Protein chains: 2
Amino acid sequence: MSPPSTAVVYDHHGPPDTVTRLTEIPPVKITENDVCVRMLAAPINPADINKIEGVYPDRSPLPTVGGGEGVGIVHSVGSAVKALSPGDLVIRFPYIQGSWQTYIVQEQSMWHKIDKSTPIEYAATVSVNPVSALRMLDEFVTLKPGDSIVQNGATSITGQCIIQLARLRGIHSINIIRDKPGSDEVKERLMKLGADKVFTEKELDVKRVKNLLGDISEPILGLNCVGGNAATLVVKFLKQGGTMVTYGGMSKEPVTVSTSYFIFKDITLKGFWLQEWKLDQAKYRDWIDYLLALARAGKLKYEMEMVPFNDFHTALEKAMGKQGSRGKQVLKF
Amino acid sequence: MSPPSTAVVYDHHGPPDTVTRLTEIPPVKITENDVCVRMLAAPINPADINKIEGVYPDRSPLPTVGGGEGVGIVHSVGSAVKALSPGDLVIRFPYIQGSWQTYIVQEQSMWHKIDKSTPIEYAATVSVNPVSALRMLDEFVTLKPGDSIVQNGATSITGQCIIQLARLRGIHSINIIRDKPGSDEVKERLMKLGADKVFTEKELDVKRVKNLLGDISEPILGLNCVGGNAATLVVKFLKQGGTMVTYGGMSKEPVTVSTSYFIFKDITLKGFWLQEWKLDQAKYRDWIDYLLALARAGKLKYEMEMVPFNDFHTALEKAMGKQGSRGKQVLKF
């Protein structure tokens, strides 16, 4: 049997800060293929919040434990488990819910052993945002050194990863950020990560945004996690025949594109949902190993805020933007 | 030398009914690979109008003769021309301008010989709208019998061709038309052509348009030539993973799609521009032969209005919609 687990549970969908509660879950049986993990850290991702709100397409039966990805240490293993042993550092594939708890018992294939020297906050957060960044650079168009991409929402973790992963491959990034006080500082930070260009939306309120590209090639891939005007700006930058991939809609505004971009500029619009890539687990493991090696080498960086599990509700408020713009909230168990 | 030619010429871009004029063009030299054709008929297509207005991406040097596609009879041939002889019925590839005139001299590869029993109005109009319909059914998704497609602007010639070509392959069509007096009559006409479903936009102002599909499968291909709400309706019908192709924007409104369609429904948006398919001329010839065989067999039908060349300006007004909704205007020389 596992130790009892302290978990964030919700019994019905609704505003996350009111429907979630911390509760104790009784010990669970560990069968022969199971691995019991003592969780160390787990982030609060937008998808986790949407799932609690009930606005996500696939709903778990309720009550359920919140959270998706996370990292922990193997506490004990079932009799048939050979590849993992107590003390191993493992991350959890984020396909199913339930990472916001102190002990998790799950079938061994749901865990991936990682290098023990991995900084815990990167281990906790690698399998959603950085993997998304990596897949979006690889799955839609063939990018070669000297090519360029354009993205909005560049300050998000995914956005920061895109900048760094692109730079590592010799790909230029054009980045669009919101008009907010402190944008000069944000620009400087993104340039340090490897961005080639950073513009606020207002700076792009010009007749021909492409005149701002200088000697950077017209981007063949655009990435959109905002929608509305910020998506239109991405399309305006795209080269003839380019593709814009939508993976989020932070502004809650739709994507609007004029007919001539489709007909005369041959623009393609597609969507990305990490969940759809879940089937090839072997590749998923490779992507994670690649990204965590970069994190350990200091070549993949982004800011997070570690929060003690007891302060869960404060972290949730921050993750929901109720305390202004904050870094990614990572629960520390 | 060719005979002198009477032509519709414009010297600068502007409103088509004011900048165009009928004029006589002096005889042209017929070199060894040229074919001189006495034109019989040529349609007024929207692209022809846009080119005169100067809103089309590729502009011919001015002054120029208007029009793109058309049909004629070979009048005389250059010394090296073997495949064509005087008296042959030929259609003109619509890549370059200049079909609105009584005699055209052009290199032999620009002409395609067709069966003399072909109704002249179909010969004149096959190479833009029907070819577009055929290519859009073939180039974007793999359709098999029992599959279905959804389109707006279903009453256009391209729309009517799509209905008939789909039906010939056992593919169901869901058709969206405008809310206008007489829509019941329009529905009946499209059903007779082979449409499975025809809805006015207002009829689709329901919570879940898919409930209206009955036993027809969810469409995997959508075709949009309208934009605005009519494009959104096409997207709403699409099956998970479906593709919408935009080939026109009659409403002059952009295409607006909410983020969740990209992420959770994995919708792809693409564009179609016939001009981009011009390079493989051998295939183009095959498509035309296939479509004209259908027209001769009465399996591909659409309505046109033949207008004497002298009434060009009236035909132009009608083609521009200044006399309400009219059939395709085809000039008869």
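Residues numbered from 1 in each chain as written. Chains lettered and ligands numbered in written order. Predicted model: local features only at pLDDT ≥ 70, side-chain atom pairs only at ≥ 80, totals over all residues. Heavy atoms only, no water.

### Some thoughts on the overall build of chain A
Summing up its helical and strand segments, chain A has 10 helices and 17 strands in all. Against the compact-globule benchmark of 20 Å for 333 residues, chain A has a radius of gyration of 21 Å, which places it among compact chains. On the principal axes, the C-alpha backbone points of chain A span a range of 65 × 40 × 35 Å. By sequence separation, contacts in chain A at least 24 residues apart represent 72% of the contacts at least 6 residues apart. Just so you have it, chain A exposes about 14000 Å², and 51% of that area is on carbon and sulfur atoms. (Helix = DSSP H or I, 4+ residues; strand = E, 2+ residues; numbered from the N terminus. Rg over C-alpha atoms; globule rule 2.2 N^0.38 Å. Contact = heavy atoms within 4.5 Å. Areas by Shrake-Rupley, 256 points an atom, 1.4 Å probe, with all protein chains shown as cover.)

### Let's talk about the confidence of the model for chain A
Per-chain confidence: chain A averages 95 in pLDDT, with 99% of residues scoring 70 or above. Scoring the predicted complex yields pTM 0.93 and, for the interface, ipTM 0.90. (pLDDT = per-residue confidence, 0-100.)

### Points about the pattern of salt bridges
Residues and elements named next belong to chain B. One pass over the full model with this rule turns up 26 salt bridges over all chains. R135 serves as the salt-bridge partner of D138, at 3.4 Å between the closest nitrogen and oxygen. Of this pair, D138 and R135 both sit in helix α4 (residues 129-139), 3 residues apart, which is roughly one turn of the helix. When its relative accessible area of 36% is taken as the criterion, D138 is described as partly exposed. We note a salt bridge from D196 to R167, for which the minimum N-O separation is 3.5 Å. Here R167 lies in helix α5 (residues 157-168) and D196 lies in the loop between α6 (183-193) and β11 (197-200), a separation of 29 residues in the sequence. (Salt bridge = Lys/Arg side-chain N within 4 Å of Asp/Glu carboxyl O. Buried < 20%, exposed > 50% of the residue type's maximum accessible area, 1.4 Å probe, protein only.)

### Concerning the sheet that holds strand β2 (residues 20-25) of chain B
Residues and elements named next belong to chain B. The sheet built from 3 strands is open, its strands ordered β2-β1-β4 with antiparallel pairing. Both outer strands of the open sheet, β2 and β4 (64-65), are each paired with one neighbouring strand and no more. As defined by bridge partners, strand β1 (residues 5-10) adjoins β2 across 6 bridges and the pair is classed as antiparallel. Paired with A7 across the strands is T23, a residue of β2. (Pairing = 2+ DSSP bridges.)

### Regarding helix α5 (residues 157-168) of chain A
Residue and element names in this part refer to chain A. Helix length check: α5 (12 residues) gives 17 Å between terminal C-alpha atoms against 16 Å at 1.5 Å per residue, within 8%. With 10 of its 12 residues buried, α5 lies for the most part within the structure. Looking one or two places after α5, you find G170, whose phi comes out positive at around 75°. (Expected span 1.5 Å × (residues − 1).)

### Side note on the relation of the copies chain A and chain B
When chain A is brought onto chain B, the operation consists of a screw motion whose angular component is 180° and whose axial shift is 0.0 Å, with 0.0 Å RMSD remaining. In symmetry terms, the pair is related by a two-fold rotation axis. An overlap of 100% is found between the interface residues of chain A and their copies at the interface of chain B, pointing to a shared contact surface. (Least-squares fit on C-alpha atoms with pLDDT ≥ 70 in both.)

### Details of the interface of chain A and chain B
Counting residues at the interface gives 24 residues for chain A, matched by 24 residues for chain B. If you sort the residues of chain A by the area they bury against chain B, F262, I263 and F264 of chain A come out on top, with a joint share of 28%. Taken together, chain A and chain B are joined by 0 salt bridges. Linking chain A with chain B are 6 residue pairs in polar contact (both at pLDDT 80 or more). Secondary-structure elements contributing two or more residues to the side of chain A that touches chain B are β14 (255-257), α8 (259-263) and β15 (268-271) of chain A. The element contributing the most residues to the side of chain A that touches chain B is β15 of chain A, with 4 residues. A breakdown of the residues in the side of chain A that touches chain B according to their chemical character gives 13 nonpolar, 8 polar and 3 charged. (Buried area = accessible area lost by both parts, 1.4 Å probe. Polar contact = N/O pair within 3.5 Å; in protein donor to acceptor, adjacent residues only side chain to side chain. Nonpolar A, V, L, I, M, F, W, Y, C, P; charged D, E, K, R; others polar.)

### Focus: the packing of aromatic side chains
Inspection of the entire model under this criterion finds 24 aromatic pairs over all chains. Ring centres 4.7 Å apart and planes at 80° place the aromatic pair W273 of chain A and F264 of chain B in the edge-to-face group. Within this pair, whereas W273 of chain A is found in the loop between β15 and α9 (281-296), its partner F264 of chain B is found in the loop between α8 (259-263) and β15 (268-271), the two belonging to separate chains. For W273 of chain A, a relative accessible area of 11% translates into the label buried. The class of F264 of chain B is partly exposed, set by a relative accessible area of 22%. For the ring pair F93 of chain B and Y284 of chain B, a centre distance of 5.4 Å and an interplane angle of 75° mean the geometry is edge-to-face. One end of the pair, F93 of chain B, is in the loop between β6 (89-92) and β7 (103-107); the other, Y284 of chain B, is in helix α9 (residues 281-296), and 191 residues separate them in sequence. Side by side, F93 of chain B and Y284 of chain B carry an identical accessibility label, which is buried. Here a set of aromatic residues connected by ring pairs shows up, and it is made of F93, Y95, Y284 and W287 of chain A. (Phe/Tyr/Trp six-rings, centres within 6.5 Å; stacked < 30°, edge-to-face > 60°.)

### Topic: the domain arrangement of chain A
All names here are of chain A. The assigned domain composition of chain A is domain 1 (5-125 + 302-332) and domain 2 (128-271). Inter-centroid distance (C-alpha atoms) of domain 1 to domain 2 is 31 Å. Counting from both sides, the interface comprises 9 residues of domain 1 and, opposite them, 8 residues of domain 2. Carbon and sulfur atoms supply 58% of the area that domain 1 and domain 2 bury against each other, a total of about 680 Å² over both sides. If you sort the residues of domain 1 by the area they bury against domain 2, Y302, E303 and K328 come out on top, with a joint share of 60%. The interface formed by domain 1 and domain 2 contains 0 salt bridges. Applying the counting rule to domain 1 against domain 2 returns 2 residue pairs in polar contact (both at pLDDT 80 or more). (Domains from an automatic or database assignment.)

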